[in-house]
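Summary of the model geometry
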Amino acid sequence: MLKIKPGDIPVPKFQGLLQHAVAPRPIALASTVDANGNPNLSPFSFFNVFSANPPILVFSPARRVRNNTTKDTLENVLATREVVINVVTYAMVYQASLASSEYPTGVNEFIKSGFTPIESEIVKPFRVKESPVQFECRVNDVIALGNQGGAGHLVISEVLLVHVSPDILNAEGMIDQHKIDLVARLGKNWYSRNSGSALFEVDKPLEKLGVGVDAIPAEAKESGIFTGNDLGRLGNVEKLPATDEIYSFIEQLKNENPTYANIHQWSKDELFRLAKDYLQDQDGDPIESWMILLYATEKAS
């Protein structure tokens with residue numbers, strides 16, 4: 001592994017390393033006003049949700065690396081202690097990028113980017129009409145992480161009111177990840193689009209207690225056939241199949257598909273590959289892969 005200590009390479013290069021490696025990152029399109037009520041709008045990808053009760057969003061306007069100056073957004077939240085955080089979708093990503101341009105202080109990025117400002121109900125900064133989710137927030141604290149170029153400032157923002165477009169909701173009234181079509185930042189000019197075939201689900205372990213990867217026979221783990229994700233899916237089943245279930249399933253395979261007529265003669269590796277094939281279908285039940293795997297290792301006997 002290549003070893004890099006902070007300070008061994010220039011800050012811009014180290015920042016690029018962080019932004020490429022810690023990705024994708026959600027984007028906060030932060031709307032603020034200065035002490036005189038002049039609006040400002042800028043996107044930040046050092047951003048996430050950190051608490052649900054109280055609801056806390058945190059984003060970080062960093063000091064500019066090249067000249068160690070601070071951004072208008074930071075100065076505004078320090079002065080007013082209010083911000084609206086708007087989410088960024090694919091339909092508005094180019095406009096959001098344009099809003100990141102370093103226009104002189106006092107220039108209205110709403111006008112430059114073409115976004116539509118709409119009044120908030122609790123805080124003074126405007127919301128972005130084009131964003132399907134808008135968070136009106138009070139700034140509870142701003143924590144400086146350093147005083148050199150590239151140093152961030154944690155803007156700890158408590159959500160006071162959320163505006164959600166009904167167009168992005170599913171039948172249960174929850175946000176549909178396909179409909180909201182969010183984007184995220186990577187390094188340099190790269191973004192990712194969180195929709196279509198890029199979306200997939202992984203069952204949360206909190207919903208059940210999996211048997212664990214340690215329950216998988218060593219010869220299967222050491223075969224090189226199963227990936228780490230394969231092992232993780234196998235380890236997330238709640239209970240291993242019983243012996244009679246295993247042999248009943250194998251007999252069913254033999255009777256329903258001529259391909260498996262001589263399955264009892266297959267080598268362990270052939271059976272392991274079949275078990276892996278059963279895992280490839282994201283909607284498939286891993287328990288069937290377990291049956292084949294245990295049959296292969298004769299754990300059922």
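These figures come from a predicted structure and were not determined experimentally. (Residues numbered from 1 in each chain as written. Predicted model: local features only at pLDDT ≥ 70, side-chain atom pairs only at ≥ 80, totals over all residues. Heavy atoms only, no water.)

**Remarks on the pairing of strand β6 (residues 82–87)**
Just so we agree on the cut-off: Summary of the burial criterion: residues with accessible area below 20% of their type's maximum are buried, those above 50% are exposed, and those between are partly exposed, where the area comes from a 1.4 Å probe applied to protein chains only. Numbering goes from the N terminus for both helices and strands, where a helix is a DSSP run of H or I of at least four residues and a strand is a run of E of at least two. One requirement defines pairing of two strands: DSSP has to find at least two bridges between them.
Among the 6 residues in β6, 6 count as buried, and that is most of the element. Burial of β6 is two-sided: the residues E82, V84 and N86 facing one way and the residues V83, I85 and V87 facing the other way are all buried. Pairing analysis gives 4 bridges linking strand β2 (residues 28–33) to β6, with the strands arranged antiparallel. The residue bridging S31 from the neighbouring strand is V84, located in β6.

**Some words on the sheet that holds strand β12 (residues 191–194)**
The strand order β1-β11-β12 describes an open sheet built from 3 strands, whose pairing is antiparallel. Strands at the two margins of the open sheet, each flanked by one partner only, are β1 (25–26) and β12. Strand direction decides the pairing type here: strand β11 (residues 182–185) and β12, joined by 4 bridges, are antiparallel. Bridge pairing in β12 links R185 to Y191.

**Overview of the side chain of D181**
Using the following cut-off: The contact criterion used throughout is that any non-hydrogen atoms of two residues lie within 4.5 Å.
Among the secondary structure elements, D181 is positioned in the loop between α5 (177–180) and β11. Relative accessible area serves as the criterion here: at 13%, D181 is assigned to the buried category. Apart from the residues lying within four places of it in its own chain, the contact partners of D181 are T89, Y90, R193, N194 and S195.

**Looking at the environment of F46**
Along the chain, F46 falls in the loop between β3 (39–44) and β4 (47–52). Judged by its relative accessible area of 35%, F46 falls in the partly exposed class. As for F46 and G228, which are separated by 182 residues in sequence, their C-alpha atoms are 29 Å apart. Sequence-distant contacts of F46, defined by excluding residues within four places in its chain, comprise Q19, R25, V58, F59 and S60.

**Let's talk about a nonpolar patch on the surface**
Test applied: Each patch is built from residues that are more than 30% exposed by relative accessible area and take part in no salt bridge. Like charges join if they lie within 9 Å; nonpolar side chains (Val, Leu, Ile, Met, Phe, Trp, Tyr) join within 5 Å. Surface exposure here means Shrake-Rupley accessible area, sampled with a 1.4 Å probe, where a residue is shielded only by the protein chains that are shown. Salt bridge, as applied in this entry: a Lys or Arg side-chain nitrogen positioned within 4 Å of an Asp or Glu carboxyl oxygen.
Together, L2, I4, L17 and L18 line one region of the surface with nonpolar side chains, adding up to about 360 Å² of accessible area. Note on placement: L2 falls in the segment before α1 (11–21).

**Here we look at the sheet that holds strand β5 (residues 55–59)**
Stated precisely, the cut-off is as follows: Fitting a line to C-alpha atoms yields each axis, with helices limited to the stretch in contact; the angle taken between N-to-C directions then spans 0 to 180 degrees.
Taken together, 7 strands build an open sheet; the order of strands is β3-β2-β6-β9-β10-β5-β4 and the sheet is antiparallel. Both outer strands of the open sheet, β3 and β4, are each paired with one neighbouring strand and no more. Strand-to-strand twist across the sheet, computed as the mean angle between neighbouring axes with direction ignored, equals 30 degrees.

**Observations concerning helix α8 (residues 243–256)**
We apply this condition: Here, expected helix span is obtained from the residue count minus one, scaled by 1.5 Å.
Taking 1.5 Å of rise per residue, the 14 residues of α8 would be expected to cover 20 Å, and the 20 Å separating its terminal C-alpha atoms lies within 8% of that figure. Residues of α8 that are buried sit in contact with α9 (268–280) and α10 (286–296).

**Focus: unusual backbone geometry**
The amide bond that connects A23 to the next residue, P24, takes the cis arrangement and shows omega of 0 degrees. Note on placement: P24 falls in the loop between α1 and β1. Here the amide bond leading from N53 into P54 is cis, since omega sits at 10 degrees, within 30 degrees of zero. In this structure, P54 sits in the loop between β4 and β5. Residues other than glycine seldom take positive phi values, yet N68 does so here, at roughly 60 degrees. The topology assignment puts N68 in the loop between β5 and α2 (72–80). In this structure, D181 takes a positive phi of about 55 degrees despite not being glycine.

**Re the nonpolar core**
Rule in force here: Remark: nonpolar core denotes a set of buried residues (Ala, Val, Leu, Ile, Met, Phe, Trp, Tyr, Cys) joined through side-chain atoms within 4.5 Å.
By size, the foremost hydrophobic cluster in this structure holds 26 residues, and its most contacted members are F226, W290 and L293. For this core, the elements supplying multiple residues, two or more each, are α7 (228–235), α8, α9 and α10. Considering every element that reaches this core, the biggest residue donor is α10, with 8 residues. Discounting residues that sit within four places of it in the chain, L293 has contacts with I216, P217, A220, F226, L234, F272 and A275. The next biggest cluster of nonpolar side chains, apart from the first, holds 20 residues, and it includes F47, L57, V83 and I168.

**Some points on the packing of aromatic side chains**
To be explicit about the condition: Two rings from Phe, Tyr or Trp (for Trp, the six-membered ring) form a pair when their centres sit within 6.5 Å of each other. Planes less than 30 degrees apart are called stacked, planes more than 60 degrees apart edge-to-face, and all others tilted. Lysine and arginine charges are scored as sitting over a ring when NZ or CZ, respectively, is within 6 Å of the ring centre and within 35 degrees of the ring normal.
Under the counting rule described, the total for this entry stands at 6 aromatic pairs. Pairing F110 with F126 gives two aromatic rings, centres 6.2 Å apart and planes at 80 degrees, and the pair type is edge-to-face. Placement of the pair is F110 in helix α4 (residues 109–113) and F126 in the loop between β7 (117–118) and β8 (127–128), with a sequence separation of 16 residues. The side chain of R193 reaches across the aromatic face of Y90, ending 3.7 Å from its centre.

**Some points on the packing of α9 against α10**
In a pair of packed helices, the angle between the axes and the distance between the axes together describe the arrangement. Selection criterion: Orientation categories follow fixed angle ranges, with anything under 35 degrees roughly parallel, anything over 145 roughly antiparallel, 65 to 115 roughly perpendicular, and all other angles oblique. Charged means Asp, Glu, Lys or Arg here, nonpolar means Ala, Val, Leu, Ile, Met, Phe, Trp, Tyr, Cys or Pro, and polar covers whatever is left, Gly included.
For the pair α9 and α10, interaxial distance at closest approach is 8 Å and the crossing angle is 175 degrees. Here α9 is positioned roughly antiparallel relative to α10, judged by the angle of their axes. Across the interface between the two elements, K268, L271, F272, L274, A275, Y278 and L279 of α9 pack against P286, E288, S289, I292, L293, Y295 and A296 of α10. In terms of residue class, the contact of α9 with α10 is made up of 11 nonpolar, 1 polar and 2 charged.

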